[in-house]
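# Descriptive structure summary
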Amino acid sequence: QVQLVESGGGLVQAGESLRLSCAASGVDFSIRFMGWYRQAPGKPRELVATISGGTPIYADSVKGRCTISRDNGKNVVYLEMNGLNPEDTAVYYCNAFGNGLNSWGQGTQVTVSS
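Reading the values: the criteria
- Each chain has its residues counted from 1, running along the sequence as written.
- Reporting of local features is limited, given that this is a predicted model, to residues whose pLDDT is at least 70; pairs of side-chain atoms are given and counted only at 80 or more, and all residues count toward the totals for whole chains, interfaces and linings.
- The basis for the side-chain values is all heavy atoms of the structure; hydrogens and waters are excluded.
- When a residue's accessible area, from a 1.4 Å probe over protein chains only, is under 20% of the maximum for its type it is buried; when over 50% it is exposed; and in between it is partly exposed.
- Elements are defined by DSSP. Helices are runs of H or I of four residues or more, strands are runs of E of two residues or more, and each kind is numbered from the N terminus.
- Strands are labelled as partners when DSSP assigns at least two bridges between them.
- Here the axes come from fitting lines to C-alpha atoms, over the contacting stretch only for helices, and the angles between their N-to-C directions go from 0 to 180 degrees.
- Salt bridges are identified by distance alone: a Lys or Arg side-chain nitrogen within 4 Å of an Asp or Glu carboxyl oxygen.
- Under the pairing criterion, centres of Phe, Tyr and Trp rings, with the six-membered ring standing for Trp, must be within 6.5 Å; the plane angle then separates stacked pairs below 30 degrees from edge-to-face pairs above 60, leaving the rest tilted.

In the case of a regular strand, side chains alternate between the two sheet surfaces. Only one face of strand β1 (residues 3-7) is buried, namely the one carrying Leu4 and Glu6, since none of Gln3, Val5 and Ser7 on the opposite face is buried. Summarising the sheet, β1 and strand β3 (residues 18-25) pair through five bridges and their orientation is antiparallel. Within β3, the position partnered with Glu6 by the bridge is Cys22.

On to unusual backbone geometry, then. A positive phi angle, near 55°, is found at Asn75, a position not held by glycine. For Asn75, the location among the structural elements is in the loop between β7 (66-71) and β8 (76-81). Assessed through its relative accessible area of 23%, Asn75 is described here as partly exposed. Positioned with a positive phi, Asn99 is a non-glycine residue whose angle comes to about 55°. Locating Asn99 in the fold gives a position in the loop between β9 (90-98) and β10 (101-104).

Taken in spatial order, the four strands line up as β1-β3-β8-β7 in an open sheet, and their pairing is antiparallel. Looking at strand neighbours, the two that pair on one side only are β1 and β7, the edges of this open sheet. Each adjacent strand pair in this sheet contributes to an overall mean axis angle of 15°, direction not counted.

Applying the stated criterion across every chain yields a total of four salt bridges. In this structure, the salt-bridge partner of Asp88 is Arg38, at a minimum N-O distance of 2.9 Å. Taken together, the residues span a long stretch of sequence, with Asp88 in the loop between β8 and β9 and Arg38 in strand β4 (residues 33-39) at a distance of 50 residues. When sorted by exposure, Asp88 lands in the same class as Arg38, which is buried. Taking the shortest distance from any N to any O, the salt bridge between Lys63 and Asp60 comes out at 3.2 Å.

Before going further, it helps to spend a moment on the packing of aromatic side chains. Across all of its chains, the model carries one aromatic pair by this definition. When the centroid spacing of 5.0 Å and the interplanar angle of 70° are considered together, the rings of Tyr37 and Trp104 count as edge-to-face. Highlighted residues: Tyr37 in strand β4 and Trp104 in strand β10, separated in sequence by 67 residues. Look at Tyr37 and you get partly exposed, because its relative accessible area is 22%.

Below you can see the structure in the form of structure tokens.
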């Protein structure tokens, strides 16, 4: 059974940083596309970043401020976010995709105050 568990969210002030983690189990982690998405109140879920074995892909809204990385040995994908602003406030979801899989975590809340 695929399980994705996000952690690392919280309340921060604008300009501060957070590092989110997603621990995966029940999946061949190393061959999956892993990604982070976010959903702000009243808005649709949107891509933040994805990573496979190649070059990471970032949404325009976070380019230059975020870094996605993965540790295949630990089955963990990270999202480091710097220079946070209130527009980054959202529930952040981990996603595993590929070869018939499309699995989501339950999300971790990131709240950025002005």
